[in-house]
Structures are given as structure tokens and as C-alpha cells.
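# Chain and residue survey
Take a look at the letters that make up each chain.
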Amino acid sequence: MNTAIRLLEQAAARWPDKIAVEEETGSITYGALLRRAQAIGTGLLAQGVSGPVIVYLPKSIDALAAFFGALCAGTAYVPVDAHIPMARLGKIAENLRPGCIVTHEDLLPNLEGTGLTGTLLSGLEGAIDGDAVARATAGVIDTDPIYIMYTSGSTGTPKGVTIPHRGILDYADWVVDTFGFDETTVMANQAPFYFDNSTFDIYGTLRCGGKLLLTPETLFLFPLKLPEYLEANEVTSIFWVPTVMMNVANAGALEGHPLPKLKNVAFCGEVMPNKQLNIWRRALPHCAYANLYGPTEITDVCCYYKVDRAFADHESLPIGRACENMRAMVLMEEGREAAVEETGELCIAGSGVALGYWNAPELTARAFVQDPLRPHTASRMYRTGDLAKVGQDGLLYFLGRRDSQIKLKGNRIELGEIETAAVCIPGVANACALLDEAAGQIVLFAESGEKLTLRQANKVLKQYIPAYMLPGRLVVMERLPHTANDKIDRVRLRASLTEEVAPC
Ligand code: AMP
């Protein structure tokens, strides 16, 4: 097996009439999914599309068909949020130079005046030209890109993480083996398709002939309803961000819902506190729990820990060990491996490592480097920017970040991207964005001589950054505090969040 298209072909051959994906308004079988992908691939080829295909659609069966359609045309797909601000989509398109932007009629008006052209998905789905698709996919090898996922960039420009087919194929094998997935698996998807946690759900189920349930996004706003949904749909597996897991635990939503069908509860994307995990473990003692770790740059997950002992509420959960075909190393500045209990940077090598950032050689060269422990071969590793240690128990522990990247409700955010957008607010000369962990929100400190409300600020910011990056609080200052070498004094601003001291 060398590409994900072969994975879909194999699933369609083995389980042609089995439901592959179900959404609120319908479902699709494996056989029909392959046929739709081939039709869309034919349509793209007929239009002469050869570059990556931006899929500007809500989470849906249509979006999945478009992903596989792009693969059938011999190219890669680029999932973007259906609510993406047009300025951000413009930056992505400028970096990517896409083959086309596949969308629906109701999203088409958003592209007006942006200089971007949308291609209707419905217009691509005609008769299948099997020969054309076979020719287009025959030349694709496992080191070619399967998708490009844009993550927040500190300079304000999103970074296009480019993942090879091999990364996904190995990952799908690992998911199925590790969690014992089979044709009876029913997975309730939470992650948006533009967030790489969704690859666990999409390719894990595709690999084993399971069913992928596209859980309505609005349901995650009502944690009390989630267990009912899992029960009604006989869900066997979930892979959710810790924020959602915590909301369910904090709301007491699991009480009265024994969920006998649920077997696997996995989570990834941010720290999972044991306090809330223990609520899950007490309520659903029959489930297996796993803490998965990984940045977008290594094909979703590179380390995992199957929770195999009791933890006190205040203890940290390990991120465990490297997955198959991956290597996790804690390295010190000088390139040596850290000793047990010594803090260093977590670096990852293996088949999941991205090809780099699309069309950004300098950024790629900085983050993807020669593995210093393998100096005699071209072994690349990704420097995660995460601090970690190996504990006395031989397991890896996540200890935080070395930079200003944060996680808020599972979303990866570079505070620099918010600051770049903030100086576009009329009257704002400089800005500093910080995470107020206690309040669970971003605070924007804006340097301005004029009056400005949070509402006014967010009205402008919405044009540049997604809703999950918007600040929840605004502090307007005539001048931001500066350090001796004239940088913004972030330490002082941060202290003002907790100590209730005036920032300046
Ligand atoms: P993303 O690229 O959105 O998947 O974000 C990756 C970052 O999320 C990592 O570099 C970590 O900082 C954080 N992260 C992912 N998984 C975990 C985990 N299990 N525990 C703590 N932090 C995590």
C-alpha cells in the first residue's frame, strides 16, 4: 500500500455496502464514497487542476468526498474552516497557489471581491473517467503530499504543514493496531477537518471498515447532551480534545449514562488534567483511556500513554512513549540527549514527520533539522518547541512550551498572529496578546490614544483571524510597558493578569 487512495479502494472492495460515514442528514457507503471521489477526481482533471485543492466546505460527507477527489486527481487536499476570514484564506492562497478552491453555492458569495475563484463541488461530479484517474494516481508515491494543513504562524501568516501519504498510512495502521479497531468500530468525531486530530477518526475508521459519525458541531456546546448522543448511536470510540472531556466531566454529564458500548476514550491536543480524567474513569471504569501527544507537523500523534494505573488529581499524566515508526528524543541545546528527569526540547523523527512547511524553505529549515543522534545518515527530525523530560518510570512528560504558542480549548494559537492582526485596528500602534489561563481567555493589551471597546476591536480582528483566536478581554493603554532593551515587557503584563497590579 503506497497511497491513501489505495486505502479507500481496498475498503470499497472489502466493504462496498457498509456505511463509511454518517452525518445528520444522511450517510454514504464505502463503495459510494470511492465512486464520488473518482467522479470528483475526473472533474478536477478535466478542468486541468494539478495543484493542491483547497476544500472550503463545512464538515460533511461532501468535504470528505472532495478530499479523496483531490487524491484521485493525483494531488493533495487542503482543508479550511467554512468560517475562515477571507483575509486569512487570501494569505493561505498566496502561499499555496492552489489548483482550485472547491466549495458550495452558499459559500461562493464570500469569495466575491477577494480575487479568489471558487469551483462548485456539484459541477465536478459527472461521469467517472477511470483511465484518467488511474493515470493521475499511478505516479503518486508515498512521499508525496496527501494534505496540507495550515496552522497559526507567529508572524501572522499561517504555516502550511505538508504531510506525506506514508505518514497517514503508518498512522492508520498504528491507530487500528493500538486500539483494536475493526468493522464494529463506531467513532464519534469531534475534531474539525482543518485540525489534524480528525485524521485519527477519518483514517482509523477507513483502515478497519468502521463507521465515522460526524457529530453535529453544536452538540459540543451542550456537554450534558453528549453522553446521550454516544448512547443513542452506540459509539465505541472517541478521540476528543481535553477541553471537551473536561466540559463533560465538570457538567456531571456522565452520571446515569453507563455507556456499555464505549470502549476507547483517547484524547490529545493539550494537557488532560487527572482531576477530570478521574471523573471519567470513575463513571466509566470499563473504558480504556489513552493520552496521545503530537503536533500537526508529525501526522497528528507521535507519542502515547495508555493509562494503566491510578493517578491522584494533582499528578501529571505522562505522554508515554513513541508510536511505531516514530522516535521521540528529549534533546539539550548542545544536541545531546537529556538525562532522566532533565528538561529539554522534545524532538521527533520517523515516518510521520512532515515534508516541511509549504513554500516556506526558511521556516522549514529552522524546524526540520538533521537528527544530531544520527549524524551519518539523512535522518530528519522535527523540533516541536515543547519542553519535556523522561521520568524515573522511563515515560515522557510534557512540561510546557519554549515560545509564545498557546492552546485554548484545544486550538493551537500563535499569539503573534493575534498581535499582527491587532495593529490593523485603527488607532492601535502596538499590541501584546497573552493567555489568561485562570479565566480561560486571551487578553489583548492594545497601545492606543483613542477609546476602544472589545466589541469594536473584535469587529476588526474577525476580518483577519478565526473566532477561536479572538480576545475575551481588552486592556487599552497609552503606552505598553517596555523592558530595558525596549521590547514589550510581557513579564510585567503577565503579572498584571494574576496580581491585579496595574500593567503600567
Ligand atoms: P497541534 O499542532 O494543534 O496538534 O498542537 C500541537 C501542540 O499541542 C503540541 O506541540 C503540544 O504543545 C500540545 N499538545 C498536544 N498533545 C498534547 C498532550 N497530550 N499533552 C499536552 N500538550 C499537548
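## Remarks on the overall build of the protein
- Each helix and strand in the protein was counted, giving 14 helices and 26 strands.
- Computed over C-alpha atoms, the radius of gyration of the protein comes to 23 Å, within 12% of the 23 Å expected from 2.2 N^0.38 for 504 residues, which places it in the range of a compact globule.
- Across its three principal directions, the C-alpha atoms of the protein cover 65 × 55 × 55 Å.
- Sequence separation of at least 24 residues holds for 67% of the intrachain contacts in the protein that already meet a minimum separation of 6.
- Computed over 45 positive and 58 negative side-chain charges, the separation of the two mean positions in the protein equals 2 Å.

## Quick look at the sheet that holds strand β2 (residues 26–29)
- Pairing within the open sheet is mixed, and its nine strands lie in the order β2-β1-β10-β9-β11-β12-β13-β14-β15. With partners counted over all chains shown, the strands left at the sheet margins are β2 and β15 (321–322), one partner each.
- Inspection of the sheet shows strand β11 (residues 237–240) paired to strand β12 (residues 264–268) by four bridges, in the parallel sense. The residue of β12 that forms the bridge with I238 is V265.

## A word on the environment of A76
- The residue A76 is located in the loop between α3 (61–72) and β4 (77–80) in this model.
- On a C-alpha basis, the gap between A76 and P145 in space is 5.9 Å, while along the polypeptide they are 69 residues apart.
- When residues no more than four places from it in sequence are discounted, the contact partners of A76 are P52, V53, A70, L71, P145, I146, Y147 and I148.

## Quick look at the pairing of strand β20 (residues 380–390)
- Both strand β17 (residues 344–350) and β20 contribute to a ladder of five bridges, which runs antiparallel. Across the sheet, residue C347 finds its bridge partner in β20, namely R383.
- Sheet analysis places strand β19 (residues 368–370) next to β20, joined by three bridges and oriented antiparallel. Its bridge partner lying in β20, Q370 is registered against R380.
- Between the end of β20 and the start of strand β21 (residues 396–401), which pair antiparallel, lie five residues, with G394 showing a positive phi angle near 80°.

## Quick word on the nonpolar core
- Counting residues in hydrophobic clusters, the biggest one holds 87 residues, and the most contacted among them are Y203 and L292.
- In terms of residue count, α3 provides more of this core than any other element does, ten residues in total.
- Viewed by domain, this core spans two of them, domain 1 (26–140) and domain 2 (187–400), each represented by three or more residues.
- In this structure L292 touches W174, F179, F200, F239, A266, F267, C268, G269, V301, C303 and Y304, once residues within four positions along its chain are discounted.
- Grouped together as the second largest cluster of nonpolar side chains are 36 residues, F220, W240, L259 and W280 included.

## A short note on the pairing of strand β7 (residues 145–151)
- Counted residue by residue, β7 has six buried out of seven residues, so it is predominantly covered.
- Examined bridge by bridge, β7 and strand β8 (residues 159–164) share six bridges and lie antiparallel to one another. Along β8, the bridge assignment pairs M149 with V161.

## What about helix α2 (residues 30–46)?
- Across its 17 residues, α2 extends 24 Å between first and last C-alpha, which sits within 8% of the 24 Å expected from 1.5 Å per residue.
- The element α2 is extensively covered by neighbouring structure, given that 13 of its 17 residues are classed as buried.
- Once α2 finishes, G48 follows within two positions and takes phi at roughly 75°, a positive value.

## Quick word on the pattern of salt bridges
- Within this structure, the stated rule accounts for 20 salt bridges.
- Here R88 and E417 are joined by a salt bridge, their closest N and O atoms 2.9 Å apart. Of this pair, R88 sits in helix α4 (residues 86–96) while E417 sits in helix α12 (residues 415–422), and the two are 329 residues apart along the sequence.
- Judged by relative accessible area, which is 6%, R88 ranks as buried.

## A few points about the sheet that holds strand β25 (residues 441–448)
- Strand order in this open sheet of three strands is β24-β25-β26, and the pairing throughout is mixed. Each edge of the open sheet is held by one strand with a lone partner, namely β24 (428–436) and β26 (473–477). Within the sheet, the average angular offset between the axes of one strand and its neighbour, ignoring direction, is 20°.
- Taken together, the five bridges between β25 and β26 define a ladder with parallel strand orientation. Its bridge partner lying in β26, L444 is registered against L474.
- Where α12 meets the sheet, its contacts fall on β24 and β25, and the angle it forms with β24 comes to roughly 150°.

## A look at the packing of helix α1 (residues 4–14) against helix α7 (residues 198–208)
- It is at 8 Å that the axes of α1 and α7 come closest, and there the two elements cross at 45°. One way to sum up the angle between α1 and α7 is to call them oblique. Classified by chirality, the crossing of α7 by α1 is left-handed. Residues A4, L7, L8, Q10 and A11 of α1 form the contact with α7, whose own contacting residues are Y203, L206 and R207.
- Considered class by class, the residues forming the contact of α1 with α7 number six nonpolar, one polar and one charged.

Rules used throughout
- Residues numbered from 1 in each chain as written.
- Predicted model: local features only at pLDDT ≥ 70, side-chain atom pairs only at ≥ 80, totals over all residues.
- Heavy atoms only, no water.
- Helix = DSSP H or I, 4+ residues; strand = E, 2+ residues; numbered from the N terminus.
- Rg over C-alpha atoms; globule rule 2.2 N^0.38 Å.
- Contact = heavy atoms within 4.5 Å.
- Lys, Arg positive; Asp, Glu negative; His and termini not counted.
- Charge placed at Lys NZ, Arg CZ, Asp CG, Glu CD.
- Pairing = 2+ DSSP bridges.
- Core = buried A, V, L, I, M, F, W, Y, C linked by side-chain atoms within 4.5 Å.
- Buried < 20%, exposed > 50% of the residue type's maximum accessible area, 1.4 Å probe, protein only.
- Domains from an automatic or database assignment.
- Expected span 1.5 Å × (residues − 1).
- Salt bridge = Lys/Arg side-chain N within 4 Å of Asp/Glu carboxyl O.
- Axes fitted to C-alpha atoms, helices over the stretch in contact; angles between N-to-C directions.
- Parallel < 35°, antiparallel > 145°, perpendicular 65-115°, else oblique.
- Left-handed = near helix turned anticlockwise from the far one by under 90°.
- Nonpolar A, V, L, I, M, F, W, Y, C, P; charged D, E, K, R; others polar.

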